[in-house]
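Notes for the structure review
As a plain string of letters, each chain reads:
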Amino acid sequence: MAYDIDTAKALVIQAGNDMIKKGLIARTWGNISARISPTHFVITPSGRAYDTLTPEELVVVRIEDASFEGDRRPSSEVHLHAGVYALRSDASFLIHTHQSYASAIGVLGEDLRPQQMEPSSASSEERQVLGDCVPCAAYGLSSTKKLARMVADAVRRHEGCKAVLLRYHGVLSIGSDQEEAYRIADALEAVCERRYQAVCGDLIPKEAGKCQMHDLYDRYVIHTRTPFVMAMSRRGETLRPYIDDVAQIAGTRIYCLQAAPSMKALRRALHGRDAVLLRDDGALCCGSSRDEAEALCLVLEKGCQAALLGTLCGREPVDPISAAKERWFYVKKYAARKNAR
């Protein structure tokens, strides 16, 4: 099916707000699209928050070549959406999220087979919603045609799949309509949370600590003690990114210092990065504004969640060269474009 353009735009905006309330997306992260004809779809624009998005800001894109109408840029993952619409005539609504538990499970690099899970890990309803297999797409740098190809390959491997795990990146839910795509994203997060807890549950602190504000080198700094950050800080190890968001926004290596470090040690650890772990005491997250520091807290918590599972299961993080490319692109391209608005 295909929506008329006004309905499609309304449903995309509704889906964004619903996903925010559910905690499956935040800020400008992720993207949502809806098919409006056999040849075109509408998609969320680049760098716009969902809670203030208007129908006029959505971008009309051609499936064949991902070209778009108007001056506003579509989501940077536009090629990913175009590729899936080209392969799947039954797909009318796509939701790409960085939801935390499913993103962490994607680090394992394995296909998820809900039908083979124990009832305690996946209910009969969740199995029906997710289908036989949720394939895991091989890693590609975010926003690249390679990533779009990896997702397309996963969709081809498992014809009729309803979702795809994107290794080191996030999730794509493939719906015949908006309601189905939402149910898929929701069910996948629930199943992945139970699988994650079965491996890591005993290592996660039960309560989140409070965040405290500081000033450092004319930057906003938040001392965060959220559960997964605390879990990783207790390991006393350098954190390498298991989620590409961490490489982009925090840095390619997050060092772990002793609690209450000297200013010299702190300055050295923060050179070229925006976060540092403190042994048994969480982390410091830096930003040019309070909003940016709070965003980094969210990303670091998700990154530590993925890293905890990855290290326990013997998986490798994002390779250093790719992590450096992710960081360069974010700092030099995306962040610069955002600041220019």
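Procedures and definitions
Residues numbered from 1 in each chain as written. Predicted model: local features only at pLDDT ≥ 70, side-chain atom pairs only at ≥ 80, totals over all residues. Heavy atoms only, no water. Helix = DSSP H or I, 4+ residues; strand = E, 2+ residues; numbered from the N terminus. Rg over C-alpha atoms; globule rule 2.2 N^0.38 Å. Buried < 20%, exposed > 50% of the residue type's maximum accessible area, 1.4 Å probe, protein only. Contact = heavy atoms within 4.5 Å. Areas by Shrake-Rupley, 256 points an atom, 1.4 Å probe, with all protein chains shown as cover. Lys, Arg positive; Asp, Glu negative; His and termini not counted. Charge placed at Lys NZ, Arg CZ, Asp CG, Glu CD. Patch = residues over 30% accessible without salt bridge, like charges linked within 9 Å, V, L, I, M, F, W, Y side chains within 5 Å. Salt bridge = Lys/Arg side-chain N within 4 Å of Asp/Glu carboxyl O. Expected span 1.5 Å × (residues − 1). Polar contact = N/O pair within 3.5 Å; in protein donor to acceptor, adjacent residues only side chain to side chain. Core = buried A, V, L, I, M, F, W, Y, C linked by side-chain atoms within 4.5 Å. Axes fitted to C-alpha atoms, helices over the stretch in contact; angles between N-to-C directions. Parallel < 35°, antiparallel > 145°, perpendicular 65-115°, else oblique. Left-handed = near helix turned anticlockwise from the far one by under 90°. Nonpolar A, V, L, I, M, F, W, Y, C, P; charged D, E, K, R; others polar.

Looking only at helices and strands, the chain has eleven helices and twelve strands in total. Relative to the compact-globule value of 20 Å for 341 residues, the chain shows a C-alpha radius of gyration of 20 Å, a close match. Its C-alpha atoms give the chain principal-axis dimensions of roughly 60 × 50 × 35 Å. Expressed as a percentage of the 341 residues in the chain, the buried residues total 54%. Taking all contacts inside the chain whose residues are at least 6 apart in sequence as the whole, residues at least 24 apart take part in 65%. Approximately 15,100 Å² of the chain is accessible, and the part contributed by carbon and sulfur atoms is 49%. Taken together, the 45 basic and 43 acidic charged side chains of the chain have centroids lying 7 Å from each other.

With that out of the way, let us pick up a positive patch on the surface. Residues Lys145, Lys146, Arg149 and Lys325 make up a contiguous surface patch of positive charge. Considering every element that reaches the positive patch, the biggest residue donor is helix 5 (residues 145-157), with three residues. Mapped onto the secondary structure, Arg149 falls in helix 5. Judged by relative accessible area, Arg149 falls into the partly exposed class, the value being 48%.

Look at helix 6 (residues 178-200): 33 Å from first C-alpha to last across 23 residues, which is about the 33 Å you get at 1.5 Å a residue. All of the buried residues along helix 6 are Gln178, Glu180, Ala181, Ile184, Ala185, Ala187, Leu188, Glu189, Val191, Cys192, Tyr196 and Cys200. Where helix 6 begins, the capping side chain belongs to Asp177, and its oxygen is found 3.3 Å from the backbone nitrogen of Glu179.

With that settled, consider the nonpolar core. By size, the foremost hydrophobic cluster in this structure holds 59 residues, and its most contacted members are Leu112, Leu165, Leu188, Tyr196, Leu239, Leu300 and Leu308. For this core, the element with the most residues is helix 10 (residues 290-312), which contributes eleven residues. Ignoring anything within four residues of it in the chain, the contact list for Leu300 reads Val229, Leu239, Ala275, Ala283 and Cys285. Grouped together as the second largest cluster of nonpolar side chains are 25 residues, Ile43, Leu94, Cys161 and Ile174 included.

Taken N-terminus to C-terminus, the directions of helix 1 (residues 5-22) and helix 6 make an angle of 20°; their axes are 11 Å apart at the nearest point. Compared by their axis directions, helix 1 and helix 6 come out roughly parallel. At the point where helix 1 passes helix 6, the crossing takes the right-handed sense. Residue-level contacts link Leu11, Gln14, Ala15, Asp18, Met19 and Lys22 of helix 1 to Gln178, Tyr182, Ala185 and Asp186 of helix 6. Of the residues in the contact of helix 1 with helix 6, the class split is five nonpolar, two polar and three charged.

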